Amino acid sequence: MNIRDVITEIVRQQVHVQTRVGKVDSIDEARRSCRISIEGRPDRLDVRLQAVVSASSGLLMVPKVGSFVLVGLIENDPTSSFVTLTTDIDKVLVEIGNSTVKIDESDIRLIQGSAVVSLSGDFIELSNNTQNLKGILQDLMTAISQITVTTANGPSGTPINVPAFITLSNRIEALLS
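A short tour of the structure in this document, coming up. (Residues numbered from 1 in each chain as written. Predicted model: local features only at pLDDT ≥ 70, side-chain atom pairs only at ≥ 80, totals over all residues. Heavy atoms only, no water.)

Topic: the layout of surface pockets
Inference 1: Taken as a whole, the largest pocket encloses approximately 160 Å³ of empty space.
Inference 2: Looking at the largest pocket, the residues that line it are Arg48, Leu49, Gln50, Ala51, Leu59, Met61, Pro63, Phe82, Val83, Thr84, Leu85 and Thr86.
Inference 3: Broken down by secondary-structure element, the contributors of at least two residues to the lining of the largest pocket are β4 (58-63) and β6 (77-86). (1 Å grid on protein atoms, 1.4 Å probe; cavity = no way out; pocket = protein on both sides within 12 Å on 5 of 7 lines; lining within 4 Å. Points joined across faces, edges and corners; volume = space filled by probe spheres on them. Helix = DSSP H or I, 4+ residues; strand = E, 2+ residues; numbered from the N terminus.)

This is the structure:
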């Protein structure tokens, strides 16, 4: 062993490893942190999922319990760490002021003030505190199918294309929630 190898070994023993692979044991979404187990090491508690623990805005990627993550050290302190990458994501939250984006395996939801756009399963929802697009379109289809027109012989009957409006109404029902 030469002098360079000796110095390298001494330095390696003094410097903490900056990144380790671990497995997610549990998530505390309210605190925006998780518990990570690292083989041959004590469990890491309160591993940050965001720059500030318990922050209520910004970007939050929540790893799935049981997934593997890379855990980095903050200022080389093994008691203060954060998740840098994950193999599986359970959900993503982005909160900027009055705007929120929430994504998980069953729903994508965009919220701006009281306005909501949601994609869930086979359905789309567009709404605010008082109205939703599906309700408005259904009311429109009902009103159109009941139109009568005044003629010289009195009011007309219901439109002859009511079945077409019923078909359109069924298509709206199948698309919007």
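Some points on the nonpolar core
Across soluble globular proteins, nonpolar side chains have a tendency to be buried as a group.
Inference 1: Counting residues in each nonpolar core, the largest one holds 12 residues, listed as Val24, Cys34, Ile36, Ile38, Val47, Leu49, Leu60, Val62, Val69, Val71, Val83 and Leu93.
Inference 2: The contact partners of Leu93, leaving out residues within four places of it in the chain, are Glu29, Gly58, Leu59, Leu60, Val101 and Lys102. (Core = buried A, V, L, I, M, F, W, Y, C linked by side-chain atoms within 4.5 Å. Buried < 20%, exposed > 50% of the residue type's maximum accessible area, 1.4 Å probe, protein only. Contact = heavy atoms within 4.5 Å.)

What to know about the sheet that holds strand β11 (residues 123-127)
Inference 1: Strand order in the open sheet formed by 6 strands is β4-β7-β8-β9-β10-β11, with antiparallel pairing between adjacent strands. At either margin of the open sheet sits one strand with a lone partner, and together these are β4 and β11. The average undirected angle you get between the axes of adjacent strands in this sheet is 5°. (Pairing = 2+ DSSP bridges. Axes fitted to C-alpha atoms, helices over the stretch in contact; angles between N-to-C directions.)

Looking at unusual backbone geometry
Inference 1: A positive phi angle, near 55°, is found at Arg32, a position not held by glycine.
Inference 2: If you trace the backbone, Arg32 turns up in the loop between β1 (19-28) and β2 (33-37).

Side note on the pattern of salt bridges
Inference 1: Enumeration over the complete set of coordinates arrives at 7 salt bridges.
Inference 2: The partner of Arg35 in a salt bridge is Asp43, and the shortest N-O contact between them spans 3.0 Å.
Inference 3: Here Asp43 falls in the partly exposed class, since its relative accessible area comes to 34%.
Inference 4: A salt bridge links Lys64 to Glu105, with the nearest nitrogen and oxygen atoms 3.7 Å apart. Of this pair, Lys64 sits in the loop between β4 and β5 (68-74) while Glu105 sits in the loop between β8 (99-104) and β9 (107-112); the two residues are 41 residues apart in sequence, bridging distant segments of the chain.
Inference 5: Exposure remark for Lys64: the relative accessible area of 30% places this residue in the partly exposed category.
Inference 6: Residue classification places Glu105 among the exposed residues on the basis of a relative accessible area of 73%. (Salt bridge = Lys/Arg side-chain N within 4 Å of Asp/Glu carboxyl O.)

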